[in-house]
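Structural characterization, general
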Amino acid sequence: MNSSTLFASKIQEGYSFKGSNLLLGAAQYNGQIIPEAKIEIPLRTMNRHGLIAGATGTGKTKTIQVLSEQLSSQGIPVLMMDIKGDFSGIAQPGTEQSFITERHSKIGIPYTPNGFPVELMSLSAQDGVRLRATVSEFGPVLFSRVLSLNDTQAGVMAVIFKFCDDQKMPLLDLKDIKKVLNYITEEGKEVIAADYGKISTATTGTILRKIIELEQQGGDIFFGELSFEIEDLMRIDENGKGYVNIIRLTDIQDKPKLFSTFMLSLLAEIYQKMPERGDVDQPELVVFIDEAHLLFDEASDALLDQIETIIKLIRSKGIGIYFITQNPMDIPKGILAQLGLKIQHALRAFTANDRKAIKETAENYPETEFYNTEELLTSLGIGEALVTALNEKGIPTPLAATVLRAPESRMNILEPHEIEAVNQRSKLVKKYQENLDRESAYELLTQKIESAYTAPVNQEVEEKEEQGPSMGETIGKSVVKVVTSASFIRGVFGVLSKLMK
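To start, this report covers the structure provided alongside it. Computed from a predicted structure; not experimentally measured.

**Notes on the side chain of S227**
Tracing the chain through its elements places S227 in the loop between α8 (201-222) and β7 (244-248). Of the polar contacts made by the side chain of S227, one reaches the side chain of E137; its length is 2.6 Å. Once residues within four sequence positions are removed from consideration, S227 is found in contact with R132, A133, T134, E137 and Y432.

**Points about the environment of G240**
For G240, the position within the fold is in the loop between α8 and β7. On the accessibility criterion, G240 (34% relative accessible area) is partly exposed. Placed 165 residues apart in sequence, G240 and G75 show a C-alpha to C-alpha distance of 5.6 Å.

**Structural notes on unusual backbone geometry**
Each neighbour pair has its own omega, and for E225 with L226 the value is 10°, a cis peptide bond. Checked against the element boundaries, L226 lands in the loop between α8 and β7. In this structure, H49 is a non-glycine residue whose phi angle is positive, near 70°. By the element assignment, H49 lies in the loop between β2 (32-42) and β3 (50-53).

**Description of a negative patch on the surface**
There is a patch of like negative charges on the surface, built from E360, E363, E374 and E375. You can see E360 is positioned in helix α13 (residues 352-362).

**Side note on the sheet that holds strand β4 (residues 78-82)**
The sheet built from 12 strands is open, its strands ordered β2-β1-β12-β11-β10-β3-β9-β8-β4-β7-β5-β6 with mixed pairing. On the outer flanks of this sheet lie β2 and β6 (129-130), each paired with one strand and no other. Each of β4, β7, β8 (285-289) and β9 (319-325) is contacted by helix α9 (residues 256-273), which is oriented at about 170° to β4, the strand it contacts most.

**Thoughts on the packing of helix α4 (residues 135-146) against helix α5 (residues 151-166)**
Look at α4 against α5: their axes get within 8 Å of each other, and the N-to-C directions meet at 155°. Classified by the interaxial angle, the pair formed by α4 and α5 is roughly antiparallel. The way α4 lies across α5 gives a crossing that is left-handed. Mapping the contact onto sequence places V135, S136, G139, P140, F143 and S144 in α4 and A154, M157, A158 and F161 in α5. Residue composition of the contact of α4 with α5, by class: 7 nonpolar, 3 polar and no charged.

**Focus on the environment of A441**
Residue placement: A441 occurs in helix α17 (residues 441-467). Residues A441 and I177 lie 264 residues apart in sequence; the distance between their C-alpha atoms is 7.4 Å. In this structure A441 touches M169, P170, L171, D176 and V180, once residues within four positions along its chain are discounted.

**Side note on the packing of aromatic side chains**
Applying the stated criterion across every chain yields a total of 14 aromatic pairs. For the pair F163 and Y196, a centre-to-centre distance of 6.0 Å together with 90° between the ring planes defines the contact as edge-to-face. Of the two residues, F163 sits in helix α5 while Y196 sits in helix α7 (residues 189-196), which places them 33 residues apart along the sequence. Using a relative accessible area of 1% as the deciding quantity, one classes F163 as buried. Between the aromatic rings of F228 and Y432, the centroid separation amounts to 5.0 Å while the plane-to-plane angle is 40°, which identifies the pairing as tilted. Taken together, the residues F228 in the loop between α8 and β7 and Y432 in helix α16 (residues 427-432) connect sequence positions 204 residues apart. Summarising the burial analysis for this pair, F228 and Y432 share the class buried. Ring pairing ties together the aromatic residues F7, Y29, F370 and Y371, which thus form one cluster.

Cut-offs used in this document
- Residues numbered from 1 in each chain as written.
- Predicted model: local features only at pLDDT ≥ 70, side-chain atom pairs only at ≥ 80, totals over all residues.
- Heavy atoms only, no water.
- Helix = DSSP H or I, 4+ residues; strand = E, 2+ residues; numbered from the N terminus.
- Polar contact = N/O pair within 3.5 Å; in protein donor to acceptor, adjacent residues only side chain to side chain.
- Contact = heavy atoms within 4.5 Å.
- Buried < 20%, exposed > 50% of the residue type's maximum accessible area, 1.4 Å probe, protein only.
- Patch = residues over 30% accessible without salt bridge, like charges linked within 9 Å, V, L, I, M, F, W, Y side chains within 5 Å.
- Areas by Shrake-Rupley, 256 points an atom, 1.4 Å probe, with all protein chains shown as cover.
- Salt bridge = Lys/Arg side-chain N within 4 Å of Asp/Glu carboxyl O.
- Lys, Arg positive; Asp, Glu negative; His and termini not counted.
- Charge placed at Lys NZ, Arg CZ, Asp CG, Glu CD.
- Pairing = 2+ DSSP bridges.
- Axes fitted to C-alpha atoms, helices over the stretch in contact; angles between N-to-C directions.
- Parallel < 35°, antiparallel > 145°, perpendicular 65-115°, else oblique.
- Left-handed = near helix turned anticlockwise from the far one by under 90°.
- Nonpolar A, V, L, I, M, F, W, Y, C, P; charged D, E, K, R; others polar.
- Phe/Tyr/Trp six-rings, centres within 6.5 Å; stacked < 30°, edge-to-face > 60°.

In short, the description is geometric, and any link to function would need to be established separately.
Below is the structure:
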């Protein structure tokens, strides 16, 4: 048996599964595509998370598009974090071109243009489904971690939430929690000290500054109502296709705290609300996080621990999380170790640091007798990638240099009029477009403070009315009566006339 035949046999054996699969493409060896060596991913392990990495322009977005299309076709909803804004074309059928026909002929997969059901979503004021959450939904622990508070500051945040719960004051948006912070250090200082203990103004000042920082990154738009319900991510259309929910994030690339805040809250809510699934034949939802380094770059150790914990536990709810980044080293090691599927596009070696990163990347993949992984990482073409996944028993599949199939949908963005058409058809846009501002902590505390100031004044007036006019008031009235009399005015004018002469 020659090496090519042995390679094909190993790949066929390693990528043969009993259940439903996603078909990515065909393996290649010694520069030759081997169409019978199909690279498939079992749906059963798509909740084991994954990584899609590679340099700019190597085909990562098209790979996500292919995965999303096949998941949707099998009735599995997708959530895509579209940082660059180049994913919306999945809503429209693609166009068969010569290079696509040639590629699919070589890998032995037919090409059929197809479009998929899409919802366009936004964390900001862009058109689409508005995504919001309330401060109360975060809770004191998660909200403290988002703000990177220390233990003392987190303790104060817990007191704030407890105080608002006791007083039945909802914390909906950032102006609510800012109002509470001001109240407990000023008008309500004695009340708080008596019932909950003294709170340092230096501590509340620090918390307030961190909230303002979050507010400046768009938190004032994100926090509020109507709060988004994660069940709306799990929709299937009338043809049995899962919706591809695209969160357009082109305007928050410079707002990493808002991005990490949203992602952490979303994953935490999915984990809390979704029932335990155990080992299922296919995932309930697959989440793709593009430019994943934005999630980790400015995250505190506490926040990273929280993310790592959720990643470990959420797969039991049938949720798969996939990180997309240029360099696998962007992903913390604790999270990288949790990822089952790895699709590695080409890396570029321009500097010593690049070469070091390539060496470390190669060490993260299974050993193989067929490739020099380190060399191959720099020689892969566009639309080619190293692939390894988990089989149905949770064992890594053989490493395969894969020529990936082309997306069936448009490999370009939607035009403005097409975006408008998607939003006009959307039931979710209508549901979440209203910006609610019901009575919450801000309004209730404002009323309370105003009542506290006006009550003593009203009481004093009432007492004076009961007692009758005081001596001072009687004298004052007499003086006013005198100075407004006609004789007094004439006298004054007479004096002025004499002085002017």
